[in-house]
Each structure stands twice: as C-alpha cells, then as structure tokens.
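Okay, here's what each chain looks like letter by letter:
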Amino acid sequence: MSILLTGATGYIGSSVLPRLLDEGHSVTALVRDEAKAAAVAAAGATPVIGDATDGDLVAKLALDSDGVIHLASGQEVDPVFIEAVFRGLEGSGKSFVHTGGIWSYGSNADITEDSPLAPPALTAWRGANEARVLAAEGFSTAVVVPSIVYGHGKGLANVIVDAPRGSGTAPALQLIGDGSQHWATVHVDDLAALYVLAFEYGTHGSVYIGASGVNPTVRDLATAAATAAGLEGRVEPVSVDDTRSRLGADLADALLLDQQARGSRARIDLGWEPNGPALLDELAAGYADARVS
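Residues numbered from 1 in each chain as written. Predicted model: local features only at pLDDT ≥ 70, side-chain atom pairs only at ≥ 80, totals over all residues. Heavy atoms only, no water.

## Observations concerning the sheet that holds strand β3 (residues 46-49)
For clarity, the threshold we go by: Paired strands, as defined in this entry, are two strands with at least two bridges between them according to DSSP. Numbering of helices and strands runs from the N terminus; a helix is a DSSP stretch of H or I covering at least four residues, while a strand is a stretch of E covering at least two. A fitted line through C-alpha atoms serves as each axis, taken over the contacting stretch for helices, and the angle formed by two N-to-C directions is quoted from 0 to 180°.
Spatial ordering of the open sheet is given by β3-β2-β1-β4-β5-β7-β12, a layout of seven strands whose pairing is parallel. Two strands in the sheet have a free side with no partner beyond their single neighbour: β3 and β12 (206-210). Strand after strand, the sheet turns through a mean of 20 degrees between neighbouring axes, direction not considered. In this sheet, β12 lies alongside strand β7 (residues 140-146) in parallel orientation, the contact comprising five bridges. Across the sheet, residue valine 144 finds its bridge partner in β12, namely tyrosine 208.

## Points about the nonpolar core
Note the threshold: Each nonpolar core is a collection of buried residues, namely Ala, Val, Leu, Ile, Met, Phe, Trp, Tyr and Cys, held together in the definition by side-chain atoms within 4.5 Å. Classification of residues uses two cut-offs on accessible area relative to the type maximum, computed with a 1.4 Å probe and protein chains only: under 20% is buried, over 50% is exposed, and between them is partly exposed. By definition in these notes, contact holds between two residues if any of their heavy atoms fall within 4.5 Å.
The biggest cluster of nonpolar side chains holds 57 residues, and the ones touching the most others in it are Phe96, Ile102, Ile160, Leu173 and Leu283. What phenylalanine 96 contacts, discounting residues up to four positions off in sequence, is Val68, His70, Phe81, Ile82, Val85, Phe86, Leu89, Val133, Phe139, Ser140, Thr141 and Ala142. Counting residues in each nonpolar core, the second largest holds 34 residues, with Val16, Leu20, Ile69 and Ala198 among its members.

## Describing the packing of aromatic side chains
The test is simple: Note on aromatic pairs: the rings of Phe, Tyr and Trp (six-membered ring only in Trp) are paired at centre separations within 6.5 Å, and the planes decide the class, stacked below 30 degrees, edge-to-face beyond 60, tilted for the rest.
This structure, assessed with the given rule, holds two aromatic pairs. Between the aromatic rings of phenylalanine 81 and phenylalanine 96, the centroid separation amounts to 6.4 Å while the plane-to-plane angle is 50 degrees, which identifies the pairing as tilted. Here phenylalanine 96 lies in strand β5 (residues 95-99) and phenylalanine 81 lies in helix α4 (residues 78-89), a separation of 15 residues in the sequence. Given a relative accessible area of 0%, phenylalanine 81 falls into the buried group.

Encoded structure:
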C-alpha cells in the first residue's frame, strides 16, 4: 500500500519509515526541505516538500494514498492536518493513524487506554484532536500513544544522561525531582512496529498505548547513567522548583509525573511484541547508538 507519512526524518519516523518499507509498503513522505527530501529518498521513500499545515496539499496527498500515518504531531499542526486528512480520506475506508502521548494520562500507577485523562499543561492541547480523530466516520482511525521513547542514544533519556553533575570531590548526577517517579518506556524500534500494526490491523476508533511494561524510576535510570559516566552511581535529588527552573516549568511537570503502563491492548489485539533492550540496560552501557559504533 502507498502510505502518506509525516515526521519521516524525526526520531520516531526514522524507525517507522524503514519498517514500513520492509513490510512492502510504498511511502510518500511529507517533508519541509530539500535536505529532508534527500534523506527520505535515500531510504527508499518518495518525498514531497511542503508543510503539514497546507490543507489543500495534505488533502490531495491523503486522497492519492492508501492511508496516512501522522508522526509530526504539534499544537499548531494537528487541527489543520486532521481536517485535511478527513477531506482526503472521506468515505474511503482507508486508515489514519494519529499520534498521542502518555503524559495526557497524568500520574497513574496502571495506565490503560480507558484511564481518565489528566494532562499537564504541556500536552493539554492533545485531547480535543485525538477525540476528533477517534470519532471520525467513513474511514478507519487509531491513535498510537507513545510512552517515553528511547533507543539509539536519542530521546528524553538524554535529559538524564546530560543532567548537571554538581561539584565537589564526589560529583553526582542531578535527578529530576527526587527521582521516585516511574517512567513508562518503549524502545523506538518497538514503537515503530506498533505504528505499522495499528495501520494494518487496528480496529476503528481504537487507542493503543506503546509501552513496554518496564517502568523504572528516574532514580534507577539516573543511577545507571551515573555509573556509566564514572560517577560510581552517585545521584542527588533536586527540588521541584529547581527542576522547573532548569528544564522549564511545563517540561519539568511532565517529567515529574509518576506513570506506569503495560501496553496490553496492543499485545492482545495486534500481536505486538516489544523486545528491544530495556532503557536501564542501555543507560548502564553508556547510551550510545550501536548502529554507528
């Protein structure tokens, strides 16, 4: 099938694109500039240079496709993009996979797709867009909800890896808050597999949480990173106020959420099998990209 893909050169898209191609799909990648166009062409996709907020362009590309996967989700992008995709796919029965985010569920020790929403300020804009996608008729829709994505030395794990070391004779890696909060996590390659499964087999109006079921605490993650950095595992808590000052209030509040998730629906309904290395193990090994070593 021919799939319209946004965000093909981004962190998640760089794993989704080759996965789609390996599965035998052809991909039209909407990109912003010549450099990105060259990158996706080299990977085997057909680039189209344009903007995701160009409604007429998106509608035409959606119409010409066999379905859409939208990774380049953004507050200003989504309302225009979604409306355009609806115009292009109306009455077609084709598939549209949209992107959500785990933070929208707030702090919760057992997040499922049916858990109440309690988003921090950073992601409060997502809910209305996702509801609109899920309620659409005339074509199939699904929302994939990534948890904290890691792998290949990239992603939010670097907020831990690159944290200040403090000073003195025994420097310690600074935590995000006191580090007691859990993070729901997923390897980027496992998440890519979920996007493809949701596109190919997802049930209309379904939400699929991309979570490995491994939910380490930030303290455990930081201890592993501090060991790899030669700090003998030393970490130190930081007040909420100081964390917000360092990272910005909105991002800090999201990273301070205490979240655990299992991603059971994707396993049961789609046969998804996340098997990437755990984030704790990757941090302990130095968190580098094995593909370029």
